[in-house]
2 protein chains.
Amino acid sequence: MMWYSQTGAESDVVLSTRIRLARNIREYPFPVRLDRETKKQICETVRDILDGEGVKLSYIPVSTLTAAQAVSLAERNLVSADFISKSDGALLLNGDESMSVMLCEEDHIRLQVIKPGLDLEGAYAEADETDNILEKHLNYAFDERLGYLTQCPTNLGTGMRASVMLHLPALAAAGNMTRLAATVAKLGITLRSANADGAGDIYQLSNQVTLGISETAATENLKSIVLQIASQERQARKSLVKDEKTIDRIYRSFGILKSAYLMTSAEYTKLYSAVRLGICEGLIDADINKLNELYMTTQPATVNAANGGELNAAQRDAVRAKTVRDALG
Amino acid sequence: MMWYSQTGAESDVVLSTRIRLARNIREYPFPVRLDRETKKQICETVRDILDGEGVKLSYIPVSTLTAAQAVSLAERNLVSADFISKSDGALLLNGDESMSVMLCEEDHIRLQVIKPGLDLEGAYAEADETDNILEKHLNYAFDERLGYLTQCPTNLGTGMRASVMLHLPALAAAGNMTRLAATVAKLGITLRSANADGAGDIYQLSNQVTLGISETAATENLKSIVLQIASQERQARKSLVKDEKTIDRIYRSFGILKSAYLMTSAEYTKLYSAVRLGICEGLIDADINKLNELYMTTQPATVNAANGGELNAAQRDAVRAKTVRDALG
């Protein structure tokens with residue numbers, strides 16, 4: 001079962017937690033200055049180390065992917081757009097997609113762990129364990145004063161980016177997002193919409209500071225802010241779901257999800273947000289895991305990759321609508 | 001059971017058939033020149049004749065109606081807007097609302113029979129039977145050359161207006177309505193949208209000519225045109241329901257009807273049209289009679305009259321949505 005088909009802590013507000021560690025190997029320049037052959041050598045070295053230590057990951061050179069498969073990985077936050085556009089890196093990926101390693105993206109190694117719900121400790125522990133395995137075998141670029149060396153100075157220090165995906169329909173409806181983003185910015189935290197135009201009311205909260213702070217302090221700081229925002233969101237939901245226009249929107253969104261024969265990804269995202277709110281507030285009886293899973297699997301390239309990669313937009317809309325109907329019907 | 005809760009012939013295209021006879025009593029001037037007392041006298045005379053002959057009708061003086069009740073009668077095509085605004089006429093109405101008599105509207109007597117589906121013969125026969133009863137007791141204003149005398153010269157002759165309500169979503173979608181209206185106009189038939197902006201794709205087809213033509217010839221002429229239009233509509237539906245956008249619209253309309261918590265009358269009309277098409281074309285399994293009935297009963301004043309007459313628009317939208325959900329759920 002994929003990580004996104006499961007529910008974690010605080011899942012009424014927190015969709016997922018992600019830890020990403022940036023690491024480089026002392027003996028090599030940053031990837032931007034490497035030739036294709038040397039990159040391949042690094043990719044295979046890292047693959048072989050983890051394989052030898054019993055960490056079961058698939059090895060996926062970007063050059064072997066179709067366009068749909070590559071973009072689908074980006075849609076699921078497993079790779080960056082930059083990574084798939086360059087075509088000479090490789091991805092390591094485990095079965096439930098909770099662990100992935102981009103090799104020769106901006107840094108030699110970008111190790112990522114995703115967990116459902118709020119689980120900064122768990123995600124960090126898992127990333128740290130794999131990082132320790134790699135560190136046994138590799139000579140990491142590390143400076144006593146600066147910490148882990150990375151290509152971009154914003155990652156220097158821990159090399160760790162911790163981020164949490166939040167579903168904030170009530171705070172967004174109350175028009176609180178701009179003020180909230182300004183508030184958390186003062187605490188070294190970035191809050192931004194996960195989708196264009198704030199679609200789906202899904203926001204990513206992540207730490208900005210990597211230098212002069214321990215991993216534990218950074219994740220604890222982020223966690224306490226997540227819990228405060230979650231509490232505000234829950235409070236705001238209480239009044240939002242008393243509004244009859246909201247109630248109407250929730251139920252009709254569910255009705256449309258169960259009955260449409262054509263659906264764009266943007267529409268799914270919008271309806272998902274309303275129905276997810278309805279489920280969490282007890283208005284709608286449906287499996288939230290299925291809806292979360294569909295949010296991942298109904299993205300355009302992911303639909304395309306799952307259906308031979310040759311669908312046009314109208315065909316995707318038909319396949320997507322059927323997938324949603326079948327899942328909820 | 002109300003007439004509009006039943007299905008008649010050609011009901012995939014024909015919603016209802018209506019025959020209206022205009023009659024006046026020779027001894028009195030037209031209502032526009034009568035005082036209140038004389039009008040009341042005429043109203044009661046007609047009531048007593050039909051009562052004495054065993055025709056069971058409720059007697060409803062307009063002055064006894066609340067505003068919501070009066071407008072509700074107009075919404076169900078039982079009275080004219082003009083009739084309820086004047087307040088000194090009276091309505092005779094039978095139990096299933098298929099027979100109604102406006103007394104002292106524009107003419108002394110406006111006898112109307114409505115039937116579900118296409119039934120010009122049946123509706124005319126029933127109107128004619130009641131008309132004959134009245135004629136036994138009243139001295140109708142009748143001229144050997146002109147026929148029945150009416151206040152408005154457009155009704156002179158038979159005094160009969162026959163009209164048929166048609167559901168024409170496919171011809172409307174194909175943009176054929178303007179041309180069709182021009183064509184039937186040459187045959188002495190008026191085609192017009194039943195709702196503002198063509199909402200619901202419901203059109204009324206009625207005879208214009210009352211002078212120099214028998215009732216039978218007029219209804220047969222109308223019937224043959226209805227059957228031709230119905231055949232064109234069925235043809236057009238075959239291709240319309242192959243279009244995936246139409247299929248999507250049909251199913252999501254049904255989904256919204258079953259799930260919304262707020263619904264305006266205009267939205268019901270729009271969704272009704274799509275779902276009605278879906279039922280007739282075998283895409284949706286639902287009771288068409290229920291949908292037809294809701295088209296009558298969810299109109300604003302009718303909702304209001306059924307709920308004490310004191311609802312504001314938002315309350316009506318909530319009551320309407322619940323009524324629809326309960327009927328289809």
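Above this text you will find the structure in question.
Per chain, the residues get numbers from 1 upward, laid out in the order the sequence is written. Chain letters start at A and ligand numbers start at 1, both assigned in the order the entries are written. Totals for whole chains, interfaces and linings use every residue, but because this is a predicted model, local features are given only for residues with pLDDT of at least 70 and side-chain atom pairs only at 80 or more, for both listing and counting. Only hydrogens and water are set aside when side-chain values are computed; all heavy atoms of the structure are taken into account.

Draft legend 1. Region of interest: the overall build of chain A. Secondary structure counts use DSSP, requiring at least four H or I residues in a row for a helix and at least two E residues in a row for a strand, with both numbered from the N terminus. For chain A, the count of helices and strands is 12 helices and 10 strands. Radius of gyration means the value over C-alpha atoms here, while the globule rule gives 2.2 Å times the residue count to the 0.38 power. For chain A, whose C-alpha radius of gyration is 21 Å, the value lies close to the compact-globule estimate of 20 Å for 329 residues. For chain A, the C-alpha atoms occupy an extent of roughly 65 × 45 × 30 Å along the three principal directions. Among the 329 residues that make up chain A, the fraction classed as buried is 54%. Of all intrachain contacts in chain A linking residues separated by at least 6 positions in sequence, the fraction that spans at least 24 positions is 69%. Note that accessible areas follow from Shrake-Rupley with a 1.4 Å probe, and for residues the cover is restricted to the protein chains shown. Of the accessible surface of chain A, which amounts to about 14100 Å², a share of 50% is contributed by carbon and sulfur atoms. Positive: Lys, Arg. Negative: Asp, Glu. His and the chain ends are not part of the count. Taken as the charge location is NZ of Lys, CZ of Arg, CG of Asp or CD of Glu. Looking at charge distribution, chain A has the averaged site of its 36 positive side-chain charges lying 5 Å from that of its 42 negative ones. Think of it in three bands: residues with accessible area under 20% of the maximum for their type are buried, residues over 50% are exposed, and the middle band is partly exposed, with areas taken using a 1.4 Å probe on protein chains only. In what follows, residue pairs with any heavy atoms lying within 4.5 Å of each other are defined as contacts.

Draft legend 2. Region of interest: the relation of the copies chain B and chain A. We superpose the copies by least squares over the C-alpha atoms of residues that have a pLDDT of at least 70 in both of them. With an axial shift of 0.0 Å and an RMSD of 0.0 Å, the rotation relating chain B to chain A amounts to 180°. Here the two chains are linked by the operation of a two-fold rotation axis. In terms of proximity to the rotation axis, the leading residue of chain B is Gly255 of chain B, whose C-alpha is 2.3 Å off the axis. Counting the interface residues of chain B, we find that 100% of their copies in chain A are interface residues as well, pointing to one common contact surface.

Draft legend 3. Focus on the side chain of Glu105 of chain A. Residues and elements named next belong to chain A. You can see Glu105 is positioned in the loop between β4 (99–103) and β5 (109–116). By relative accessible area, which is 7% here, Glu105 ends up buried. Not counting residues within four places of it along the chain, the set of residues in contact with Glu105 comprises Pro31, Ser80, Phe83, Lys86 and Arg110.

Draft legend 4. Representation of the sheet that holds β5 of chain A. Residue and element names in this part refer to chain A. Taken in spatial order, the 8 strands line up as β2-β3-β4-β5-β1-β8-β10-β9 in an open sheet, and their pairing is antiparallel. Two strands lie at the open edges of the sheet, namely β2 (58–61) and β9 (189–193), each paired on one side alone. Going from strand to strand, the sheet's axes swing by 20° on average, the running direction of each strand aside. Strand pairing is assigned whenever DSSP detects at least two bridges linking the two strands. Pairing of β2 with strand β3 (residues 90–93) involves 4 bridges; the strand directions are antiparallel. Following the sheet pairing, Ile60 is matched in β3 by Leu91. The sheet contacts of helix α7 (residues 215–240) involve β1 (14–23), β8 (160–167), β9 and β10 (202–207), and relative to β8 the element is tilted by about 10°. Throughout, an axis means a line fitted to C-alpha atoms (over the contacting stretch in the case of helices), and angles, computed between N-to-C directions, take values from 0 to 180 degrees.

Draft legend 5. Quick look at unusual backbone geometry. Residues and elements named next belong to chain A. Unlike most non-glycine residues, Cys104 shows phi in positive territory, near 60°. Looking at the secondary structure, you find Cys104 in the loop between β4 and β5. The class of Cys104 is buried, set by a relative accessible area of 1%.

Draft legend 6. Structural view of the layout of surface pockets. All names here are of chain B. Only protein atoms enter the calculation, which uses a 1 Å grid: trapped sets of points that fit a 1.4 Å probe without letting it out are cavities, open sets showing protein on both sides within 12 Å along at least five of seven lines are pockets, and any residue with an atom within 4 Å of a point is a lining residue. Grid points are joined across faces, edges and corners, and a volume is the space filled by probe spheres set on the points. Approximately 570 Å³ is the volume found for the second largest pocket. Forming the walls of the second largest pocket are 37 residues, and the residues nearest its centre are Asn77, Met165, Ala194, Tyr295 and Met296. Where the lining of the second largest pocket is concerned, the elements lending two or more residues are β1 (14–23), α2 (67–75), β5 (109–116), β8 (160–167), β10 (202–207), α9 (265–280) and α10 (288–297). Each residue is assigned to one class: nonpolar for Ala, Val, Leu, Ile, Met, Phe, Trp, Tyr, Cys and Pro, charged for Asp, Glu, Lys and Arg, and polar for all the others, Gly among them. Here the lining of the second largest pocket is composed, by residue class, of 18 nonpolar, 15 polar and 4 charged.

Draft legend 7. Local environment of the pattern of salt bridges. Whenever a carboxyl oxygen of Asp or Glu lies within 4 Å of a side-chain nitrogen of Lys or Arg, that contact is scored as a salt bridge. All told, the structure shown has 42 salt bridges over all chains when counted by the stated rule. Close ionic contact of Arg47 of chain B with Asp48 of chain B constitutes a salt bridge, the shortest N to O distance being 3.0 Å. Residue classification places Arg47 of chain B among the partly exposed residues on the basis of a relative accessible area of 26%. By relative accessible area, Asp48 of chain B is classed as partly exposed at 44%. A salt bridge links Arg110 of chain B to Asp107 of chain B, with the shortest nitrogen-to-oxygen separation between them at 2.9 Å. A single network of salt bridges, built from pairs that share partners, joins Glu105, Glu106, Asp107 and Arg110 of chain A.

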